[in-house]
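Structural features, examined
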Amino acid sequence: MNQQAVLHIIATHTELYCAVAQEWVSLAKAAIRARGKFCVALTGGNTPRELYRLLASDEYAKQIDWSATRIYVGDERYVPHDHPDSNFGMATATLLAHVPIPAGQIYPIPTQAAPLECAVEYAQTLQRTLAINTVGVPVLDLILLGMGEDGHTASLFPGAGALDVHDRICAAVYVSHLTSWRLTLTYPVITAARQRIVMVTGNTKAKILAKVLSDKIANDLPMQRIALAAPTTWYLDKAAASALPMDKT
């Protein structure tokens, strides 16, 4: 079992999202105390929708200093932000439109130009608005991640060229099996973040999760590269965790 993984196995989806929301609150308060702001990159897909709705609820929204929060996006589909497939559009509809965060503190990945141009523009945004570490990489306080049934995370897919990008902050990726462009933060940014939280639910991801968290290295699993490179906190429901060694959970 990966020794850098911190596992939280939670019985129900409701309890899982509540636990992640509470950790968001705690990390936000700590970051604001230490550095005056909380910089977080959101994830897309279906898994985080309920988390975002929960964060927008009175119970949690009132605990967060939105005036000191900066919102980024970990990856994006190459579609307009008002398109149904847009990760930023989903985050806006479920969270950002319902909390008092200043518009100038929200940094979506641009999609209005050519993909490569959008990637360069977003890299410049991160460099301009985030602290930079000693090797020149922007540092987020938190990046939220999900994981697909093929072991991908953000828009880092098995076999994609972006897996070997270490000299850029954001990459444009053509995903052939989806016949579409994606824009994604790269490994250096993801692993440089102060905290990584991965949410995984459902038994369809149980086997791939066990491989990702195994000590046996599989070069075709993008999520495993992150899990092995940096300490990562995992929030799993029982179905997703069902293939893990029981003595390690």
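Higher on the page you've got the structure.
We now turn to the structure provided with this report. (Residues numbered from 1 in each chain as written. Predicted model: local features only at pLDDT ≥ 70, side-chain atom pairs only at ≥ 80, totals over all residues. Heavy atoms only, no water.)

1. Considerations on the sheet that holds strand 4 (residues 75–77)
Pairing is antiparallel across the open sheet formed by 3 strands, whose spatial order is 4-9-8. Of all strands in the sheet, those with a lone pairing partner are strand 4 and strand 8 (170–175), marking the two edges. Neighbour to neighbour, the strand axes of the sheet diverge by 20 degrees on average, direction disregarded. Set on the sheet, helix 5 (residues 115–129) makes contact with strand 8 and strand 9 (180–185); between it and strand 8 the angle comes to about 150 degrees. (Pairing = 2+ DSSP bridges. Helix = DSSP H or I, 4+ residues; strand = E, 2+ residues; numbered from the N terminus. Axes fitted to C-alpha atoms, helices over the stretch in contact; angles between N-to-C directions. Contact = heavy atoms within 4.5 Å.)

2. Concerning the nonpolar core
Residues W24, L140 and W234 are the most contacted members of the largest nonpolar core, which totals 88 residues. With near-sequence residues (within four places) excluded, L140 lies in contact with C39, V40, A41, Y72, L130, L185, V189, A193 and R194. (Core = buried A, V, L, I, M, F, W, Y, C linked by side-chain atoms within 4.5 Å. Buried < 20%, exposed > 50% of the residue type's maximum accessible area, 1.4 Å probe, protein only.)

3. Here's the deal with the packing of helix 2 (residues 49–56) against helix 4 (residues 87–94)
At a minimum axis separation of 8 Å, helix 2 and helix 4 run at an interaxial angle of 35 degrees. Each of R49, Y52, R53 and A56 in helix 2 lies in contact with helix 4, whose residues at this interface are M90, A91 and T94. In the contact of helix 2 with helix 4, the residues fall into 4 nonpolar, 1 polar and 2 charged. (Nonpolar A, V, L, I, M, F, W, Y, C, P; charged D, E, K, R; others polar.)

4. Quick notes on the packing of aromatic side chains
Within this structure, the stated rule accounts for 4 aromatic pairs. Measuring from ring centre to ring centre gives 5.7 Å for W24 and F38, while their planes differ by 75 degrees; the resulting arrangement is edge-to-face. Here the residue W24 occupies a position in helix 1 (residues 13–35), and F38 occupies one in strand 2 (residues 38–42), the gap between them amounting to 14 residues. Each member of the pair, W24 as well as F38, carries the same accessibility label: buried. Note on W24 and W66: the rings are 6.4 Å apart at their centroids and 45 degrees apart in plane angle, and the pair reads as tilted. With W24 in helix 1 and W66 in the loop between helix 3 (58–61) and strand 3 (69–73), the pair connects residues that are 42 residues apart, well separated along the chain. Its relative accessible area of 3% is what places W66 among the buried residues. Among the aromatic residues, ring-to-ring pairing joins W24, F38 and W66 into one connected group. (Phe/Tyr/Trp six-rings, centres within 6.5 Å; stacked < 30°, edge-to-face > 60°.)

5. Section: the environment of G136
When you line up the elements, G136 lands in the loop between strand 5 (131–132) and strand 6 (138–139). For the pair G136 and E50, spaced 86 residues apart in the sequence, the C-alpha separation amounts to 35 Å.

6. Digging into unusual backbone geometry
One non-glycine residue, A154, lies in the positive phi region at around 50 degrees. Mapped onto the elements, A154 comes out in the loop between strand 7 (142–145) and strand 8. A positive phi angle, close to 45 degrees, is found at T179, a residue other than glycine. With respect to the helices and strands, the residue T179 is situated in the loop between strand 8 and strand 9.

7. Focus on helix 1
The end-to-end C-alpha separation of helix 1 is 32 Å, in line with the 33 Å expected for 23 residues at 1.5 Å each. Along helix 1, the residues that are buried comprise L16, Y17, V20, A21, E23, W24, V25, L27, A28 and A31. Where helix 1 ends, the next residue or the one after it, G36, has phi of about 85 degrees, a positive value. (Expected span 1.5 Å × (residues − 1).)

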